[in-house]
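Coordinates in review
Chain residues, written in single-letter form:
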Amino acid sequence: ARDSDGNLLSDWADKAFSSVTKGVKALMMSERRPAVVDACEALISEGASSSAVPLGTAPRIDVSNFARFEPRGSSSGTAPRSVVVFMVGGGCYAEYLSLNAWSKSVGVRTTYGCTECVSGGELAAQLSVLGDKASLK
């Protein structure tokens, strides 16, 4: 069924696109830190004395399954001076920027890497493919 102007499909597409862009804007404009920053904070605070690293108000993350490698001769109870963060799967520039800002605030040097870094255009293309697959069901 079409509306009075016969634009049912275009109206539906406009509404769908609008809801996706609102969700993306909410993620990008949010003051919430990415989970990678919260995980780094939890890992560092777990191995350091409470006065070594100033902690934020991040929710506690279970880091028991995270890989943590410390150099020989480092004593437990001290905060690391350098952290390497590697994401298996997609990473993004917002995570990198948030991690950099956090690392400067706590005095830790960070290196960030990922197996795939997706640009805005690539994200839009992936969302389009997902939308096409969803409409086929």
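Up top is the structure these notes are about.
Residues numbered from 1 in each chain as written. Predicted model: local features only at pLDDT ≥ 70, side-chain atom pairs only at ≥ 80, totals over all residues. Heavy atoms only, no water.

Time to look at the overall build of the chain. Regarding its fold elements, the chain presents four helices and two strands. Listing the helices and strands of the chain from first to last along the sequence gives α-α-β-α-β-α. Counting every position in the chain, which comprises 137 residues, the buried fraction comes to 19%. Taking contacts inside the chain between residues at least 6 apart in sequence as the whole, the part at least 24 apart equals 64%. For the chain, the exposed surface amounts to about 10300 Å²; the carbon and sulfur share of it is 59%. (Helix = DSSP H or I, 4+ residues; strand = E, 2+ residues; numbered from the N terminus. Buried < 20%, exposed > 50% of the residue type's maximum accessible area, 1.4 Å probe, protein only. Contact = heavy atoms within 4.5 Å. Areas by Shrake-Rupley, 256 points an atom, 1.4 Å probe, with all protein chains shown as cover.)

The next subject is the nonpolar core. Considering soluble globular proteins, one finds that nonpolar side chains tend to be buried as a cluster. Counting residues in hydrophobic clusters, the biggest one holds eleven residues: Val 36, Val 37, Cys 40, Ile 44, Val 83, Val 85, Leu 99, Trp 102, Val 106, Val 108 and Tyr 112. Listing elements by their share of this core, those giving two or more residues are helix H2 (35-47), strand S1 (82-91) and helix H3 (93-106). Counting residues per element, this core draws most heavily on H2, which supplies four residues. What Leu 99 contacts, discounting residues up to four positions off in sequence, is Val 37, Cys 40, Val 85, Thr 110 and Tyr 112. (Core = buried A, V, L, I, M, F, W, Y, C linked by side-chain atoms within 4.5 Å.)

With that settled, consider the packing of aromatic side chains. For the structure shown, the criterion picks out two aromatic pairs. Arranged with centres 6.2 Å apart and planes meeting at 50 degrees, the rings of Tyr 96 and Tyr 112 form a pair that is tilted. Remark: Tyr 112 occurs in strand S2 (residues 109-117) and Tyr 96 occurs in helix H3; sequence separation between them is 16 residues. Note on Tyr 96: relative accessible area 32%, which makes it partly exposed. Taken together through their ring pairs, the aromatic side chains of Tyr 93, Tyr 96 and Tyr 112 make up a single cluster. (Phe/Tyr/Trp six-rings, centres within 6.5 Å; stacked < 30°, edge-to-face > 60°.)

Mapped onto the elements, Ala 94 comes out in helix H3. Taking the C-alpha atoms as reference points, Ala 94 and Arg 33, 61 residues apart in sequence, are found 9.4 Å from one another.

Two strands pair when backbone bridges link them, and S1 and S2 are joined in this way by eight bridges, in the parallel orientation. Across the sheet, Met 87 pairs through a bridge with Cys 114, a residue of S2. Taken together, S1, H3 and S2 form a β-α-β motif whose crossover is right-handed. (Pairing = 2+ DSSP bridges. Right-handed = clockwise from strand over helix to strand, strands pointing away.)

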